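Analysis of the macromolecular model
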Amino acid sequence: MGSVANRTERREKSDRQLILLLLTGSTFLIWFGPTPRLAVADPDLIREILLSRAEHFDRYESHPMVRQLEGEGLVSLRGEKWAHHRRVLAPTFHMENLKMLLPFIGKTVVDMAEKWVTMADPASGEVEIDVSEWFQIVTEDAITRTAFGRSYEDGKAVFKLQTQLMAFASEAFRKVFIPGYRFLPTKKNTSSWKLDKEIRKNLVTLIGRRQEATDDERLQGCAKDLLGLMINASSNGGRRGQPVSPITVNDIVEECKTFFFAGKQTTSNLLTWTTVVLAMHPEWQERARQEVLEVCGAHDIPCREQLAKLKTVSMILNETLRLYPPAVATVRRAKSDVVLGGYHIPRDTELLIPIMAVHHDARLWGPDATQFNPARFADGVARAAKHPTAFIPFGLGARMCIGQNLALLEAKLTVAIILQRFEFRLSPKYVHAPTVLMLLHPQYGAPVIFRSRSSSQTPDRHV
Ligand code: HEM
């Protein structure tokens, strides 16, 4: 008990340090940024900014290094091209469509759990797993299915190349930025260009194959995927005769990059933090397990209807997203001079919305704002805090995260399957050090000790 209390104290200390860092970070941005920047933490003003019409505020233009990582897709596009891509891609994330992916994602999670069982020490029945690494397998699989659907195997090859490309880009991101350096033919740049060329070549082949198959695909009622929707849109042009620029192979390449960037690490970070907090709070772990066993049974892969009934698991996921939001901030740019909360904001000012700081604000969440208390979400998200905009892990408004349904469904499914099969606690090696490198992640990984609930149990398959 003493060690849990000490750990909680240590956790709160390092969380406070992180918030301080974030706030100091934003002050730094205000003074030294190349464009005027302002951090806005008032929920009324945040609401006004995020729900305003696009002619007032829009996404800001990200740094070329960041764009190289995130792709020139939905996250960074603006104006009519963004609206067109968002319309085209939205059906991928409708619940009815995602439902079709559940058995496949579930199978990946069960395979992962079975591997953990085989890795366990025969004497103790326990295995130590760095969940921050393993969950990436699950989220990469889910995003590959969402992006490529029935071309899953070819898609996997494309994303494998993309992982290598992103490794180069994120290494460059960590170094001092020298303008123009990325155009020099250094060894790493040449390798990046080669990879980029290969990705494009693979995608062109894949698109060719799918173009021949799209009619069949519609008839067969397959799940809608990024590739299929974009290929259809490129051949159909704008809807209702709207004059939009046609979707090109380059657009598809860039959206693939964006999906991979925006969808993989974010969701694996949510899963990692959820496992960590459940390991820290065994009483909530047990409460969630009892719910899962009651609703879904001990072995089967939960279906969509069962997942919808997991209220305690939802509360835990929300509380994790509140304390450890994978995306710690989002940014908008004023497109014209505007008055906001009585202040005159000049055109082109970048407004930083510090999601993490808002989520930890004691004025909104009460004196236990830094503590893990899923019960605060018992009456739903809107009633959890003193202001409805106090909880914004996926942003808000027209540019809200398009992948929210996928992320939550995937996280619920994974947590449920793990709770069915394992009891777990933090490894003594775990150091609580949330840190930000684009996203919020545990600086020294997340080693967790798992013990199979029944070593003789062989999970049934429902696929
Ligand atoms: C726990 C997981 C996730 C978190 C916390 C998260 C968070 C966010 C946030 C904060 C934004 C900015 C919203 C705004 O500025 O108002 C965003 C945008 C976006 N996210 Fe996610 N995200 C997650 C998972 C995903 C997944 C699985 C995908 C799948 C492709 C995805 C794709 C995107 C895209 C494309 C955008 C840009 C949307 C637009 O501007 O139209 N995200 N996300």
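Residues numbered from 1 in each chain as written. Predicted model: local features only at pLDDT ≥ 70, side-chain atom pairs only at ≥ 80, totals over all residues. Heavy atoms only, no water.

Bringing the UniProt feature "binding site: heme" (unreviewed entry) in the protein into the picture now. Here the UniProt feature "binding site: heme" (unreviewed entry) sits at C401. Checked against the element boundaries, C401 lands in the loop between helix 16 (362-365) and helix 17 (404-421). The partly exposed category is assigned to C401, whose relative accessible area is 33%. Dropping the residues within four chain positions of it, C401 is found in contact with R86 and F394. (UniProt positions renumbered as here; feature names shortened; annotations may be inferred. Helix = DSSP H or I, 4+ residues; strand = E, 2+ residues; numbered from the N terminus. Buried < 20%, exposed > 50% of the residue type's maximum accessible area, 1.4 Å probe, protein only. Contact = heavy atoms within 4.5 Å.)

To continue, consider the site of the ligand. By nearness alone, 29 residues border the ligand, and R59, W82, R86, T330 and C401 come closest of all. A distance of 3.4 Å separates an oxygen atom of the ligand from a polar atom in the backbone of L74. A total of 6 residues in the shell around the ligand trace back to one element, the largest contributor, which is helix 11 (residues 249-280). Looking at the shell around the ligand, its residues break down into 19 nonpolar, 6 polar and 4 charged. (Near = heavy atom within 4 Å. Polar contact = N/O pair within 3.5 Å; in protein donor to acceptor, adjacent residues only side chain to side chain. Nonpolar A, V, L, I, M, F, W, Y, C, P; charged D, E, K, R; others polar.)

We now examine the side chain of H85. Looking at where H85 falls in the secondary structure, it is placed in helix 4 (residues 79-89). Residues within four places of H85 in sequence aside, it is in contact with L74, L77, M230, I247, D251 and E255.

What follows covers the sheet that holds strand 3 (residues 126-130). Across the sheet, which stays open at both edges, the 3 strands sit in the order 3-11-8 with antiparallel pairing between neighbours. The open sheet is flanked by strand 3 and strand 8 (422-426), the only strands paired with a single partner. For this sheet, the mean angle separating the axes of adjacent strands, direction not counted, is 30°. The sheet contact formed by strand 8 and strand 11 (residues 447-452) spans 5 bridges and is antiparallel. Residue pairing in the sheet places F424 in a bridge with F450 of strand 11. Relative to strand 3, helix 6 (residues 102-119) is tilted by about 130°, and along the sheet it contacts strand 3, strand 8 and strand 11. Where helix 17 meets the sheet, its contacts fall on strand 8 and strand 11, and the angle it forms with strand 8 comes to roughly 100°. (Pairing = 2+ DSSP bridges. Axes fitted to C-alpha atoms, helices over the stretch in contact; angles between N-to-C directions.)

The tally for this structure, following the rule as stated, stands at 24 salt bridges. Between D196 and K257 there is a salt bridge, with its nearest N and O atoms 3.9 Å apart. With D196 in helix 9 (residues 187-220) and K257 in helix 11, this pair connects stretches of sequence that are 61 residues apart. R363 serves as the salt-bridge partner of D361, at 2.8 Å between the closest nitrogen and oxygen. Of the residues examined, D361 reaches a relative accessible area of 13% and is grouped as buried. Exposure remark for R363: the relative accessible area of 66% places this residue in the exposed category. Shared partners join several salt bridges into a network, and the residues in it are D196, R200, E254 and K257. (Salt bridge = Lys/Arg side-chain N within 4 Å of Asp/Glu carboxyl O.)

Another point: the packing of helix 7 (residues 131-148) against helix 11. A pair of packed helices is characterised by two quantities: the angle between their axes and the separation of those axes. Their axes nearest at 8 Å, the elements helix 7 and helix 11 cross at an angle of 140°. Considered as vectors, helix 7 and helix 11 are oriented oblique to each other. Taken as a pair, helix 7 and helix 11 cross one another with a handedness that is right-handed. Facing helix 7, whose interface residues are V131, S132, F135, Q136, T139, E140, I143, T146, A147 and F148, helix 11 presents C256, F259, F260, G263, K264, Q265, T267, S268, L271, T272 and T275. Here the contact of helix 7 with helix 11 is built from residues that sort into 9 nonpolar, 10 polar and 2 charged. (Parallel < 35°, antiparallel > 145°, perpendicular 65-115°, else oblique. Left-handed = near helix turned anticlockwise from the far one by under 90°.)

One open sheet accounts for 4 strands, arranged 1-7-4-2; its pairing is mixed. Where the open sheet ends on each side, the last strands, each with one partner, are strand 1 (37-39) and strand 2 (57-59). Across this sheet, the average inter-strand angle for adjacent strands is 35°, counted without regard to direction. Each of strand 2, strand 4 (330-334) and strand 7 (350-353) touches helix 2 (residues 43-50); the most contacted strand, strand 7, lies at about 125° to it.

What we call a disulfide is simply a covalent bond connecting the sulfur atoms of a pair of cysteines. In the structure shown here, the tally under the stated rule is 0 disulfides. For C256, which is in no disulfide, the shortest distance to another cysteine sulfur is to C401 and amounts to 17 Å. The thiol of C296 is unpaired, and the distance to the nearest cysteine sulfur, on C303, comes to 7.5 Å. Classification of C296 by relative accessible area gives buried; the value is 5%. (Disulfide = S-S within 2.5 Å.)

By size, the foremost hydrophobic cluster in this structure holds 117 residues, and its most contacted members are W116, F148, I252, W365 and F450. The contacts of F450, once residues within four sequence positions are left out, are W116, G125, E126, V127, I129, V131, T275, I418, F422, E423 and F424. (Core = buried A, V, L, I, M, F, W, Y, C linked by side-chain atoms within 4.5 Å.)

Right, let's talk about the pairing of strand 10 (residues 439-442) for a bit. Pairing analysis gives 4 bridges linking strand 9 (residues 434-437) to strand 10, with the strands arranged antiparallel. For T435, the partnering residue across the bridge sits in strand 10 and is H441. Taking the residues that link successive antiparallel strands as the turn, the strand 9-strand 10 hairpin has 1 residue, and the phi of M438 there is positive, at about 70°.

With that settled, the discussion passes to the environment of T272. Tracing the sequence through the fold places T272 in helix 11. Judged by relative accessible area, which is 0%, T272 ranks as buried. Once the C-alpha coordinates of T272 and C296 are considered, the two residues, 24 residues apart in sequence, prove to be 22 Å apart. A polar contact of 2.8 Å, which involves the side chain of T272, links it to the backbone oxygen of S268.

In the structure shown here, the tally under the stated rule is 13 aromatic pairs. One aromatic cluster is present, formed by W116, W134, F135, F422, F424 and F450 through successive ring pairs. The aromatic ring of Y152 is capped on one face by R145, whose charged end is 3.8 Å from the ring centroid. (Phe/Tyr/Trp six-rings, centres within 6.5 Å; stacked < 30°, edge-to-face > 60°. Lys NZ or Arg CZ within 6 Å of the ring centre and 35° of its normal.)

Of note, P388 is situated in the loop between helix 16 and helix 17. For the pair P388 and R47, spaced 341 residues apart in sequence, the C-alpha to C-alpha distance is 9.2 Å.

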